[in-house]
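Understanding the architecture of this molecule
Each chain, written out:
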2 protein chains.
Amino acid sequence: MSDIKEKNKLKNAPLSKLAADMAERARKASLVLAKAASGPKNDALHRMARGLADRADYIIGQNGKDVEEARAKGLSAAMIDRLSLTEDRLARIADGLMQVSALEDPVGEIVHMWKRPNGLLVGKMRIPLGVIGIVYESRPNVTADAAGLCVKSGNAVILRGGSETIRSNIAIGEVLRDSLKGAGLPEDAVQVVPVTDRGAVLEMLKLDEYIDLVIPRGGEGLIRFVAENSRIPVLKHYKGVCHIFVDETADPGMAESVCVNAKVQRPGVCNAMETMLVHEKIAKKFLPAAAKRLEDEGVELRGCERTRKILPGIKKAGESDWHEEYLDLILSVKVVKDIDEAIAHIEKYGSMHTESIITENYTNSQKFINGVNSSTVMVNASTRFSDGYELGLGAEIGISTSKLHAFGPMGALELTTTKFVVFGEGQIRE
Amino acid sequence: MSDIKEKNKLKNAPLSKLAADMAERARKASLVLAKAASGPKNDALHRMARGLADRADYIIGQNGKDVEEARAKGLSAAMIDRLSLTEDRLARIADGLMQVSALEDPVGEIVHMWKRPNGLLVGKMRIPLGVIGIVYESRPNVTADAAGLCVKSGNAVILRGGSETIRSNIAIGEVLRDSLKGAGLPEDAVQVVPVTDRGAVLEMLKLDEYIDLVIPRGGEGLIRFVAENSRIPVLKHYKGVCHIFVDETADPGMAESVCVNAKVQRPGVCNAMETMLVHEKIAKKFLPAAAKRLEDEGVELRGCERTRKILPGIKKAGESDWHEEYLDLILSVKVVKDIDEAIAHIEKYGSMHTESIITENYTNSQKFINGVNSSTVMVNASTRFSDGYELGLGAEIGISTSKLHAFGPMGALELTTTKFVVFGEGQIRE
């Protein structure tokens, strides 16, 4: 790690200067944005939404060049679809910005306030974190979505998207910056890194005096790269190995529909179910019907020994299957003795992301909620709801499976911290 | 950094095994403690308090050996006083544990709860962080104070105190562990590292799969050592360069008494004032009287040019003085044009710890509260109140000047995080 950094220090002198310049400008802008009232911030978000519509031709034109290059490089049709922008997609991005503008402004809220025996009035006030770096490789909508949440929460942001959408990101960034300026806010509160060199990310990750938080979004490789090279705190999750436990007392119809939804509604995302745990007393009744519905949807099942006694046609699940985030129409299935074995399995193989129990038993619902060590724990609901929008945070900047600062889906609130404010009348300490 | 680690890997094979064993046992104990109700946790805290009284002779005996060795090594009288335990000091530690037991249990609290349009009930539930490592070099009271707060908040703790109090810490640790056992809780929830080798700290700092948070307490050297060698998130503050700004409209008597208190009541701690900023329009009136009171208390003043025009007898403050945490009866003084210059000075030289304004002007009080980027910002109060007990957190495990997770004094609440809990009726995502 230090070796890579050392090598890059020499090779990337211009990159280190670029990163430091951007970070310094972001820091300055963040001090202004931190004090901005909700009015100008929401004005900027409205202007961003309008700007994306007004300048759709320009953005789509720049995106066309990205798409052309991606085709020339032979990227898959799925990849090209992911990075393509249309008027409709831009309209949805603009709609997201309008939704963020409608959220409550978290900054300045006094979270608690209490009076001390000596008369001091002590409160905790929500404040922005400062400067946030977002490193992503996904669709260009992240550029606007992440910037919108950062501006709403009073943070400056440095955006470093994938090289395959560099022109699209820069074009969107121009609209966002003009909108800030139009609202009387510093345009440097949103900056898109204009180069595709990975060295720029490395340089950015060194700037812990200017950048308060880095959020990597993308595949496990990107996230590990960021986590291992960062001097700045990183909020992240590597993967989502989500479980559903179908308890003895589950309503079989509900268990079926929830499990099918959690597996097939969008299998390529982190909150899709990867392992289904089934109580031994319901397995014989539940598994054949559930397997039929899952297989009708094209799901390949891989079972433990006991599962395969009930479903003899399916593949055997090996030890590695319990660790696997398939991100595909594959599901591992295990029959367990009871809820304790289910919780122990999750403790051993889970990723602390999202788990759900399907049960009609009160005690077990409480045991699961309290006993499972994951960022989102559900009763009788699909794991697919583990998402900032779906949980009602208004929008999502990422998901954290580390417990410090934020645990689970992160919205605007998770981009703030609190400081103590103390109002006295001349008190001194005895 | 990696080199040190690599070297130690070979040299300290037994230490790495010791650290891993302790961390694994702590992890196991943490899973039990996380689910423990307030009853047994408070029972353990009461038993700890009683145990320290009942076994005072044993603890003081072990402490005597530490003191003897410290004397033989020629430690200063002040140092020896710091590490000495008496019945009275043990009684105060026990009292602290009783106070912690009386705090509200933060674990299990539902912080928010809301209903989604599809009927899902979504809440955020407070949970412990898991395993916390405390690395300290200060008085043996930290052993019991930190352990008490960790147990209260449902966390297991690994305590690594200074080598000069190793016997005292182990003796206190025995009482704490027996108390946990007596309350039916796992004794491995509190463990004292039994060796003085610094390699043991290095080994502990690698165990990010078992330990969730490290809190270093002590001098800047220790804190930097921990921060630079840790793979585990670290909550810390390097130093406290605290400022008081005496505004134009300050009540001069209040300004004097608050500034004297903030400087002299206990100069060797992080929340003592190190720099006094004085509005130019009050300087001529305020400075001579304040200087007299401060000098009467033995404070050496170092001033900027403008200060020295009013107080010609004092030393000149150089650029390095504005960065200095004296931890002593020395104070740097600067005359500023207005509140903006005061805030800019704090932004440039401050440590984001604690700053206070003395003013009767409403607008400036708000400007200071909102504009100063520190973990604790005060109006008309002594910076010495920036402390978990004094602010009403019940107790303090440390102070954070990084904005992630916690910012400012940290109590039991800051040793928790929240997870999402979701109660459904079979909802699936469309």
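Quantities reported herein were computed from a predicted structural model and do not represent experimental measurements. Every chain begins its residue count from 1, and numbering advances along the sequence as written. For this description, chains carry letters from A and ligands carry numbers from 1, given in the order in which they are written. For a predicted model such as this one, the threshold for reporting local features is a pLDDT of at least 70, and the threshold for listing and counting side-chain atom pairs is 80 or more; totals across whole chains, interfaces and linings nevertheless cover every residue.

Here we come to the overall build of chain A. The secondary structure listing takes helices from DSSP runs of H or I that are at least 4 residues long and strands from runs of E that are at least 2 residues long, numbered from the N terminus. Of regular secondary structure, chain A possesses 17 helices and 16 strands. Radius of gyration means the value over C-alpha atoms here, while the globule rule gives 2.2 Å times the residue count to the 0.38 power. Scaling as 2.2 N^0.38, a compact globule of 430 residues should have a C-alpha radius of gyration of about 22 Å, and chain A matches this with 24 Å. C-alpha atoms of chain A, sized along the principal axes, occupy 70 × 65 × 45 Å. Working definition of a contact: two residues with C-beta atoms, positioned from the backbone, lying within 7 Å. Intrachain contacts of chain A at a sequence separation of at least 6 include 72% that bridge at least 24 residues.

All names here are of chain A. Spanning 17 residues, helix α8 (residues 166-182) covers 24 Å between terminal C-alpha atoms, matching the ideal 24 Å at 1.5 Å per step. For α8, the full list of buried residues reads I166, S168, N169, A171, I172, G173, V175, L176, R177, S179 and L180. Of the surrounding secondary structure, the elements contacted by the buried residues of α8 are α3 (38-54), α4 (56-72), α7 (141-152), β4 (156-160) and β5 (190-192). Count one or two residues on from α8 and you reach G184, which has phi positive near 80 degrees. Expected span, for any helix, means 1.5 Å times one less than how many residues it has. Burial is judged by counting the other C-beta atoms within 10 Å of a residue's own C-beta: 20 or more makes it buried, 12 or fewer makes it exposed, and any count in between marks it as partly exposed, with every C-beta position built from the backbone.

As a further point, take the sheet that holds strand β16 (residues 416-427) of chain A. In short, DSSP must find at least two bridges between two strands for them to pair. Spatial strand order, β1(A)-β2(A)-β16(A)-β13(B)-β12(B)-β7(B)-β8(B)-β11(B)-β9(B)-β10(B): 10 strands in an open sheet with mixed pairing. The sheet is open, and its two edges are formed by β1 (110-115) of chain A together with β10 (315-316) of chain B, each paired on a single side. Looking at chain direction, β16 of chain A and strand β13 (residues 376-381) of chain B are connected through 5 bridges and run parallel. Among the inter-strand pairings, V422 of chain A is bridged to a residue of β13 of chain B, identified as M378 of chain B. Angles shown run from 0 to 180 degrees and are taken between the N-to-C directions of axes, each axis being a line fitted to C-alpha atoms and, for helices, limited to the stretch in contact. Running over the sheet, helix α15 (residues 362-371) of chain B touches β16 of chain A together with β7 (242-246), β12 (354-358) and β13 of chain B and is turned about 155 degrees from β13 of chain B.

What follows deals with the interface of chain A and chain B. In this complex, chain A contributes 51 residues to the contact, which on the side of chain B involves 51 residues. Of all the secondary structure elements, the ones that give two or more residues to the side of chain A that touches chain B are α11 (252-264), α16 (362-371), β13 (376-381), α17 (388-391) and β16 of chain A. Examining the composition of the side of chain A that touches chain B, we find that 11 residues originate from one element, β16 of chain A, more than from any other.

What follows covers the relation of the copies chain A and chain B. Between the two copies of the chain lies a rotation about an axis combined with a shift along it. Superposition of the copies was done by least squares, using only C-alpha atoms of residues whose pLDDT is at least 70 in both. Note on the identical chains: chain A maps onto chain B by a rotation of 180 degrees and an axial translation of 0.0 Å, with an RMSD of 0.1 Å. On this basis, the relationship between the two copies can be described by a two-fold rotation axis. The C-alpha atom lying nearest the rotation axis in chain A is that of H405 of chain A; the distance is 1.7 Å. Taken together, the interface assignments show that 100% of the residues at the interface of chain A recur at the interface of chain B, consistent with an identical surface on both copies.

Okay, unusual backbone geometry next. Only a minority of non-glycine residues have a phi that is not negative, and only a minority of peptide bonds are not trans. All names here are of chain B. The backbone phi angle of N380 is positive, close to 55 degrees, even though this residue is not glycine. Inspection of the secondary structure puts N380 in strand β13. The phi dihedral of H405 is positive, around 70 degrees, even though this residue is not glycine.

Let us look at the sheet that holds β4 of chain A. Two orientations exist for strands paired in a sheet by backbone hydrogen bonds: parallel and antiparallel. Residues and elements named next belong to chain A. Taking strand neighbours across the sheet as the criterion, the 4 strands line up as β5-β4-β3-β6 in an open arrangement whose pairing is parallel. On the outer flanks of this sheet lie β5 and β6 (213-217), each paired with one strand and no other. Strand after strand, the sheet turns through a mean of 15 degrees between neighbouring axes, direction not considered. In the packing of α7 onto the sheet, contacts are made with β3 (131-136), β4, β5 and β6, and the angle to β4 comes to roughly 165 degrees.

With that out of the way, let us pick up the pairing of strand β8 (residues 273-279) of chain B. Residues and elements named next belong to chain B. Most of β8 is tucked away: 7 of the 7 residues are buried. Pairing of β7 with β8, which is carried by 5 bridges, proceeds in the parallel orientation. By the bridge assignment, F245 is partnered in β8 with L277. With the strands aimed away from the viewer, a crossover counts as right-handed if its path from the first strand over the helix to the second runs clockwise. The parallel pair β7 and β8 is bridged by helix α11 (residues 252-264), and the resulting crossover is right-handed. As paired strands, β8 and strand β11 (residues 330-336) are joined by 5 bridges and run parallel to one another. Within β11, the position partnered with L277 by the bridge is K334.

Let's shift gears to helix α4 (residues 56-72) of chain B. Residues and elements named next belong to chain B. Taking 1.5 Å of rise per residue, 17 residues should cover 24 Å, and α4 covers 24 Å from first to last C-alpha, within 8% of that figure. Here α4 has its buried residues at I59, Q62, N63, D66 and V67. An end-on view of α4 places all buried positions within 150 degrees of arc, on one side of the element. Turned more than 90 degrees away from the buried face of α4, the exposed residues are D57, Y58, E68, R71 and A72. Packed against the buried residues of α4 are α3 (38-54), α5 (77-83), α6 (87-102) and α8 (166-182). G74 lies just past α4 and shows a positive phi near 80 degrees. This arc is built from the directions going out from the helix axis to the C-beta atoms.

Okay, the pairing of strand β12 (residues 354-358) of chain A next. Residues and elements named next belong to chain A. By the criterion of burial, β12 is predominantly enclosed, with 5 of the 5 residues buried. Strand direction decides the pairing type here: strand β7 (residues 242-246) and β12, joined by 4 bridges, are parallel. Across the sheet, the residue bridging to H243 is E355, located in β12. In this structure, β12 lies alongside β13, joined through 4 bridges in parallel fashion. Looking at the pairing, E355 lines up with V377 of β13. Running through α16, the crossover from β12 to the neighbouring parallel element β13 is right-handed.

Let us now look at the packing of helix α7 (residues 141-152) of chain B against α8 of chain B. Each pair of packed helices can be summarised by the angle the axes make with each other and by the distance between the axes. Residue and element names in this part refer to chain B. Closest axis-to-axis distance for the α7/α8 pair is 9 Å, and the angle between their directions is 30 degrees. In terms of axis orientation, α7 runs roughly parallel to α8. Judged by the twist between their axes, the crossing of α7 over α8 is right-handed. From α7, T143, A144 and A147 reach across to α8, where they touch N169, I172, G173 and L176. Residues are grouped as follows: nonpolar covers Ala, Val, Leu, Ile, Met, Phe, Trp, Tyr, Cys and Pro; charged covers Asp, Glu, Lys and Arg; every other residue, Gly included, is treated as polar. By residue class, the composition of the contact of α7 with α8 is 4 nonpolar, 3 polar and no charged. Angle categories are assigned with fixed cut-offs, so that under 35 degrees is roughly parallel, over 145 is roughly antiparallel, 65 to 115 is roughly perpendicular, and the rest are oblique. Note on convention: the crossing is left-handed when the near helix lies turned anticlockwise from the far helix by less than a right angle, right-handed when the turn is clockwise.

Residues and elements named next belong to chain B. Mapped onto the secondary structure, T275 falls in strand β8. Using a count of 26 C-beta atoms within 10 Å as the deciding quantity, one classes T275 as buried. For the pair T275 and F245, spaced 30 residues apart in the sequence, the C-alpha separation amounts to 8.7 Å. Not counting chain neighbours up to four residues away, the residues in contact with T275 comprise V241, H243, W322, S332 and K334.

A few words on the packing of α3 of chain A against α8 of chain A. Residue and element names in this part refer to chain A. Relative to each other, α3 and α8 sit at 140 degrees, their axes nearing to 8 Å. Classified by the angle between their axes, α3 and α8 sit oblique to one another. The handedness of the crossing between α3 and α8 comes out as right-handed. Across the interface between the two elements, A44, R47, M48, G51 and L52 of α3 pack against V175, L176, D178, S179, L180 and G182 of α8. Within the contact of α3 with α8, the residues separate by chemical class into 6 nonpolar, 3 polar and 2 charged.

Take P14 of chain A: it is sitting in helix α2 (residues 13-35). Here the alpha-carbon distance between P14 of chain A and A200 of chain A, two residues 186 residues apart in the chain, equals 9.3 Å.

Attention shifts here to the confidence of the model for chain A. Scored from 0 to 100, pLDDT reflects the predictor's confidence in each residue. When pLDDT is averaged across chain A, the result is 94; 97% of the residues are at 70 or more. Here the complex is predicted with pTM 0.91, and the ipTM for its interfaces comes to 0.92.

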